[in-house]
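# Commentary on secondary and tertiary structure
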Amino acid sequence: MNFLEKYGIIIENQELLTEALTHSSYSNEHDCKNYERLEFLGDSILQAITSEYFFVNTNDKEGVMSKTRASYVCEQALAFYSKEIGINKYIRVGKGQLNNINDTIIADCFESVLGVIFLEKGFEVAKEYVYKTVIPYIEAKYYFLTDYKSLLQELVQTDKKSLEYEVINESGPAHDKTFEVDVKIDGIIYGKGIGKSKKEAEQNAALDAYKKRAK
């Protein structure tokens, strides 16, 4: 596994790197460790590095920094980085998961590998790695998120709060219904949306809430 060599990183503890690439479906079948603990660590390191970047390089308010950061550490973004690096080629999953190595797993492994880099090489090397793999997309203003529900979810996760959508009204005939949705954060209504489908109404509610949360 030499996908980190192009970044000047050689991991001596290959067993730990293998663990970072092992999904729970594989570990359950083979009685070995999986990446979940390393993912937890890598997530924290990534948050720290990107938070520092926005603090140093912008004068944005806290809410704006949170919103912008969320778009570069969301699942879509992390899966993209993993594929660019080549991490996805080495992920181990169980037999039932072989045909479904999805973006959630691929994104998780970006964070778990970062956790390995931090443990073996230290924070500064981990930071250099993030500056080579993530920061260029921030500086290029590359846009990953395709929907406001994803963006709002990232914002809420940053604050460790709950998020739920509730259909509060349906009207019109079966072939032409209109849905009204509330989105709640910790039980408080933050946004409302109307649409011709539940999905559209939820997106509009998320947009309404996102605008308020980002101010």
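A few points on the structure. (Residues numbered from 1 in each chain as written. Predicted model: local features only at pLDDT ≥ 70, side-chain atom pairs only at ≥ 80, totals over all residues. Heavy atoms only, no water.)

## Structural notes on the nonpolar core
Core analysis: the largest hydrophobic core is formed by 45 residues, its most contacted members being Leu4, Tyr81, Ile87, Phe110, Val113 and Tyr129. Going through the elements one at a time, helix H1 (14-20), helix H3 (36-57), helix H4 (62-72), helix H5 (75-85), helix H6 (103-121), helix H7 (123-133) and helix H8 (135-139) are the ones with two or more residues in this core. Sort the elements by how many residues they give to this core and H6 lands first, with nine residues. Here Tyr81 is in contact with Tyr72, Phe110, Thr133, Val134, Tyr137 and Phe144, once residues within four sequence places are set aside. Val181, Val183, Ala201 and Ala205 belong to the second largest nonpolar core, which has 10 residues in total. (Core = buried A, V, L, I, M, F, W, Y, C linked by side-chain atoms within 4.5 Å. Buried < 20%, exposed > 50% of the residue type's maximum accessible area, 1.4 Å probe, protein only. Helix = DSSP H or I, 4+ residues; strand = E, 2+ residues; numbered from the N terminus. Contact = heavy atoms within 4.5 Å.)

## A word on the side chain of Arg69
One can find Arg69 in helix H4. At 2.4 Å, the side chain of Arg69 and the side chain of Ser51 are in polar contact. Residue contacts for Arg69: discarding those within four places in its chain leaves Gln47, Thr50, Ser51, Phe54 and Thr158. (Polar contact = N/O pair within 3.5 Å; in protein donor to acceptor, adjacent residues only side chain to side chain.)

## Let's talk about the pattern of salt bridges
The full count for this structure, using the stated rule, is seven salt bridges. Across the salt bridge formed by Lys83 and Asp103, the nearest N and O atoms sit 2.9 Å from each other. Of this pair, Lys83 sits in helix H5 while Asp103 sits in helix H6, and the two are 20 residues apart along the sequence. Accessibility expressed as a relative area gives 31% for Asp103, which makes it partly exposed. With a closest N to O distance of 2.7 Å, Glu202 and Lys149 form a salt bridge. Here Lys149 lies in helix H9 (residues 148-158) and Glu202 lies in helix H10 (residues 198-213), a separation of 53 residues in the sequence. Taking the relative accessible area as the measure of exposure, Glu202 reaches 17% and is therefore buried. (Salt bridge = Lys/Arg side-chain N within 4 Å of Asp/Glu carboxyl O.)

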